[in-house]
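Understanding the architecture of this molecule
What follows is each chain in one-letter form.
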Amino acid sequence: MEKPEWKTDYPVLEVINKRWSRRAFSDAEVEDDKLKRLFEAARWAASSMNEQPWVFIYGKKGSEAWNKLFDSIMGGNQPWAKNANVLVMCLAKKNFDYKERPNRHAMHDLGQAVAFFSLEATELGLNMHQMGGFEDAKARVYFEIGEEYEIGHIIALGYPGAPEKLEEPYLSRESAARTRKPQSEFVFENSLKK
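Summarised in this report is the structure supplied together with it. (Residues numbered from 1 in each chain as written. Predicted model: local features only at pLDDT ≥ 70, side-chain atom pairs only at ≥ 80, totals over all residues. Heavy atoms only, no water.)

**Considerations on the side chain of R140**
If you trace the backbone, R140 turns up in helix α6 (residues 136–143). Relative accessible area serves as the criterion here: at 11%, R140 is assigned to the buried category. Polar side-chain contacts of R140 include one of 2.8 Å to the backbone oxygen of G146. In terms of polar contacts, R140 uses its side chain to reach the backbone carbonyl oxygen of Y149, at 2.8 Å. Beyond its immediate stretch of four places on either side in the chain, R140 contacts I145, G146, E147, Y149, E150 and I151. (Helix = DSSP H or I, 4+ residues; strand = E, 2+ residues; numbered from the N terminus. Buried < 20%, exposed > 50% of the residue type's maximum accessible area, 1.4 Å probe, protein only. Polar contact = N/O pair within 3.5 Å; in protein donor to acceptor, adjacent residues only side chain to side chain. Contact = heavy atoms within 4.5 Å.)

**Here we look at the sheet that holds strand β1 (residues 54–60)**
Taken in spatial order, the four strands line up as β1-β2-β4-β3 in an open sheet, and their pairing is antiparallel. Two strands bound the open sheet, and with one partner strand each, they are β1 and β3 (127–131). Within this sheet the neighbouring strands show an average axis-to-axis angle of 25°, counted without direction. Where β1 meets strand β2 (residues 86–93), seven bridges bridge the pair, whose relative direction is antiparallel. Looking at the pairing, V55 lines up with L91 of β2. Docked against the sheet, α6 engages β1, β2 and β4 (149–158), running at close to 90° with respect to β4. (Pairing = 2+ DSSP bridges. Axes fitted to C-alpha atoms, helices over the stretch in contact; angles between N-to-C directions.)

**Remarks on the pattern of salt bridges**
All chains considered together, the criterion is met by ten salt bridges. K165 is paired through a salt bridge with D27; the nearest N and O atoms lie 3.6 Å apart. Here K165 is found in the loop between β4 and α7 (170–175), whereas its partner D27 is found in the loop between α1 (14–18) and α2 (32–43), with 138 residues between them in sequence. By relative accessible area, D27 is classed as exposed at 67%. The closest approach of N and O atoms between D97 and K93, which form a salt bridge, is 2.3 Å. K93 sits in the partly exposed class, given a relative accessible area of 23%. One continuous salt-bridge network, built from bridges that share partners, spans E29, D32 and K60. (Salt bridge = Lys/Arg side-chain N within 4 Å of Asp/Glu carboxyl O.)

**Here's the deal with the nonpolar core**
Among the nonpolar cores identified, the biggest contains 23 residues, and L38, F56, F117, L126, I155 and L157 are the most heavily contacted of them. Elements with a minimum of two residues in this core: α2, β1, β2, α5 (106–123) and β4. Top contributing element to this core by residue count: α5, with six residues. Excluding residues within four positions of it along the chain, F56 makes contact with F39, A42, V88, M89, C90, L110, A113 and V114. Counting 22 residues, the second-largest nonpolar core is a separate cluster that includes A24, F25, W66 and A139. (Core = buried A, V, L, I, M, F, W, Y, C linked by side-chain atoms within 4.5 Å.)

From the geometry alone we can't say anything about function, so treat these as descriptive.
As structure tokens, then:
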């Protein structure tokens, strides 16, 4: 299936325009070298004071880690995420290593690392779909995650698959038009008042 039509209002890098969070995944295995490239892309993201507070826990389909990650995902995401070859949990360390003071930029920095990961995945022909719908407490128990970390989300990762494998309402969402707010709603000069 070709992606639904969309057009940016202004020219952007092709990899940005191609990025799309599909829910349909194929059965193809994600190669280890490609996984390493994704985490390497994340590694080179900018971060406050070069702290690099991001942490990733992943599992390939069939592994104990994948099963635990999948079990942590809420029911609304499981019908389509079950087809992803890799699941990745994204965390941020809440405090700077330096003097153990709070890092209020940790989640922002995690977001930058995941954005790099996302663009690398797109460039490699992979698909990733981020999910905020997961059970934090369950994931913490499964992976022994202390309160010094904040869990951001879980990523379903794999090669794009046939949308016809999806059940509703996911099938119709896969072919829906992609929309974005116009810049006039979130870009302001001098003040938030128009």
